[in-house]
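The primary structure of each chain is shown beneath.
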Amino acid sequence: MNRTALVVGVTGMAGYHSAIALRDKGFSVIGLARSRRYELPGVDHVYADVLEPESLRAALEGREITDLVFTTWQRQATEAENCRVNGAMLQNTLDVVCASNQLTHATLVTGLKHYLGPFEAYASAPADTPFREEQGRLPFQNFYYEQEDILFEAADRHSFTWSVHRPHTLIGYALGNAMNMGVTLAIYGSICRETGEPFVFPGSPEQWNGVTDLTDARLLGRHVAWSTSQAAGRNEAFNTVNGDVFRWRQMWPRVAAALGVEAAPYPGHPTPLQDRMGHADEVWARLVSEHGLQDYAASDLASWWHTDADLGRTVETFADMGKSRSLGFLDYQDSAQSFRDLFAELRAERIIPELTPTSTTSSTTSDTEVTA
């Protein structure tokens, strides 16, 4: 059977890498985005607003879809609005796809706020670590729960299978994404190299010293492709993390070395990027001109507020991958390498400046010392 996957949110990190993994696994892939940003080879790109059913119907008319991967979201002022808007986005997509296609499987990508709580009650009563899929829902309104319930009801009504993926902070290539810590740190580190400002870890003591993990967007894509194509992945929710754990006090020198900048001493308290990067667009315009970079503003690339939220948590956050391992997904990704690979790709695409030969030598030496 030929299978065609519709990836909603294809220009975001989760969608971009899910589309690549599904394409590489032999699926025909339709990538849906609200506007044209960049396109992936081998992917049929269409454009629609998932809040407008007529827009969706027009974009998908005549296309046979067997699998759905839903990765997009919009942040609203309250969690009630998050539930209403993000629930409607998924419901509209399912209604349109199921009306004209024989959907066999739908995958929903959410995240670890399933265990931490929504922005309004973030980490106020988190689940115990390591987070495990069988832990119950928290007693808060949460748009992830709303979307899951919409997915489960549609699966029952239309007789398709489902999977849910809960990644931690995503590290991977995508531009203009609200949740991209990796690109944000790349912009921050490049600005520090240019201005001589200290490359200070901006987060909380709890994150500096506590155990945490990350999700490489490439691993998420492979996990999505696995759950979409394997019987073991059907009707299951999965944590999706790299498989290693670390403390930011260990990781920060590695990130600094990969950016060719020295890691500054941690001051013992948060120093949020949102407060410190008001000059970022001005500095970045100079870097774009001097280094022949693609013409983006720093504010187009970096998401200071979201990185502040991730690194400013006051609770320990990491997830268990035992369920996936027991069902046959054995993939693993070294988290320090996730950063190094991302930064290399950003340089290759002329998003951030190349390292000078001096910086490259310094980076190699520093990372070797830290690793040892």
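Residues numbered from 1 in each chain as written. Predicted model: local features only at pLDDT ≥ 70, side-chain atom pairs only at ≥ 80, totals over all residues. Heavy atoms only, no water.

A. Up close: the overall build of the chain. A tally of regular secondary structure across the chain gives 16 helices and 9 strands. For 372 residues, the compact-globule estimate of 2.2 N^0.38 gives 21 Å, and the chain sits close to it at 20 Å. Within the chain, buried positions represent 57% of all 372 residues. Look at the contacts in the chain between residues 6 or more apart in sequence, and 76% of them connect residues 24 or more apart. Here the chain displays about 14900 Å² of accessible surface, and carbon together with sulfur accounts for 48% of that area. Taking the average location of the 30 positive side-chain charges in the chain and that of its 47 negative ones, the two points are 3 Å from each other. (Helix = DSSP H or I, 4+ residues; strand = E, 2+ residues; numbered from the N terminus. Rg over C-alpha atoms; globule rule 2.2 N^0.38 Å. Buried < 20%, exposed > 50% of the residue type's maximum accessible area, 1.4 Å probe, protein only. Contact = heavy atoms within 4.5 Å. Areas by Shrake-Rupley, 256 points an atom, 1.4 Å probe, with all protein chains shown as cover. Lys, Arg positive; Asp, Glu negative; His and termini not counted. Charge placed at Lys NZ, Arg CZ, Asp CG, Glu CD.)

B. The layout of surface pockets, seen in detail. Each pocket or cavity is described by its volume, and for the largest pocket that value is around 910 Å³. Together, 46 residues line the largest pocket, and Thr71, Thr72, Trp73, Asn177 and Met179 are the ones closest to its centre. Among the secondary structure elements, those contributing two or more residues to the lining of the largest pocket are α1 (13-24), β2 (28-33), β5 (105-109), α4 (113-116), α5 (143-158) and α13 (304-311). Looking at the lining of the largest pocket, its residues break down into 23 nonpolar, 16 polar and 7 charged. (1 Å grid on protein atoms, 1.4 Å probe; cavity = no way out; pocket = protein on both sides within 12 Å on 5 of 7 lines; lining within 4 Å. Points joined across faces, edges and corners; volume = space filled by probe spheres on them. Nonpolar A, V, L, I, M, F, W, Y, C, P; charged D, E, K, R; others polar.)

C. Quick peek at empty space enclosed by the protein. Using the criterion set out here, one finds 1 cavity of 30 Å³ or more in the structure. Around the largest cavity, the lining residues are His168, Thr169, Met181, Gln207, Thr212, Asp213, Leu214, Phe246, Trp248, Asp310, Leu311 and Arg313. A class-by-class count of the residues in the lining of the largest cavity yields 5 nonpolar, 4 polar and 3 charged.

D. Layout of the sheet that holds strand β9 (residues 236-240). The strand order β3-β2-β1-β4-β5-β6-β9 describes an open sheet built from 7 strands, whose pairing is parallel. Here the strands that pair on one side only, and so sit at the sheet edges, are β3 (43-47) and β9. On average, each strand axis in the sheet is tilted by 20° relative to the strand beside it, whichever way the strands run. Taken together, the 5 bridges between β2 and β3 define a ladder with parallel strand orientation. Across the sheet, leucine 32 pairs through a bridge with valine 46, a residue of β3. In this fold helix α2 (residues 53-60) packs onto β1 (4-8), β2 and β3, with an angle of close to 150° to the strand it touches most, β3. The strands touched by helix α3 (residues 79-100) within the sheet are β1, β4 (67-70) and β5, with β4 carrying the most contacts at an inclination of about 165°. (Pairing = 2+ DSSP bridges. Axes fitted to C-alpha atoms, helices over the stretch in contact; angles between N-to-C directions.)

E. Broad picture of the packing of helix α6 (residues 181-195) against helix α9 (residues 248-258). Packing of α6 against α9 leaves a shortest axis separation of 12 Å and a crossing angle of 60°. The orientation of α6 with respect to α9, classified from their angle, is oblique. Here the hand of the crossing between α6 and α9 comes out right-handed. Together, Met181, Leu185 and Tyr188 of α6 and Trp248, Trp252 and Val255 of α9 make up the contact between the two elements. A breakdown of the residues in the contact of α6 with α9 according to their chemical character gives 6 nonpolar, no polar and no charged. (Parallel < 35°, antiparallel > 145°, perpendicular 65-115°, else oblique. Left-handed = near helix turned anticlockwise from the far one by under 90°.)

F. Representation of the pairing of β9 within the structure. Judged by how many residues are buried, β9 sits mostly within the fold: 4 of 5 residues are covered. Pairing of strand β6 (residues 161-167) with β9, which is carried by 5 bridges, proceeds in the parallel orientation. By the bridge assignment, valine 164 is partnered in β9 with alanine 237.

G. Here's a closer look at the side chain of histidine 168. Structurally, histidine 168 can be placed in the loop between β6 and β7 (170-171). Under the relative-accessibility criterion, histidine 168 is labelled buried at 7%. Beyond its immediate sequence surroundings of up to four residues, histidine 168 is in contact with Leu112, Thr212, Asp213, Leu214, Thr215, Thr240, Val241, Arg313 and Thr317.

H. Just unusual backbone geometry, in detail. Here the bond from threonine 129 into proline 130 is cis, since omega is -5°, no more than 30 degrees from zero. Looking at where proline 130 falls in the secondary structure, it is placed in the loop between α4 and α5. Not every positive phi belongs to a glycine, and serine 159 is a case in point at roughly 60°. Following the sequence through the fold, serine 159 ends up in the loop between α5 and β6. Residue classification places serine 159 among the exposed residues on the basis of a relative accessible area of 62%.

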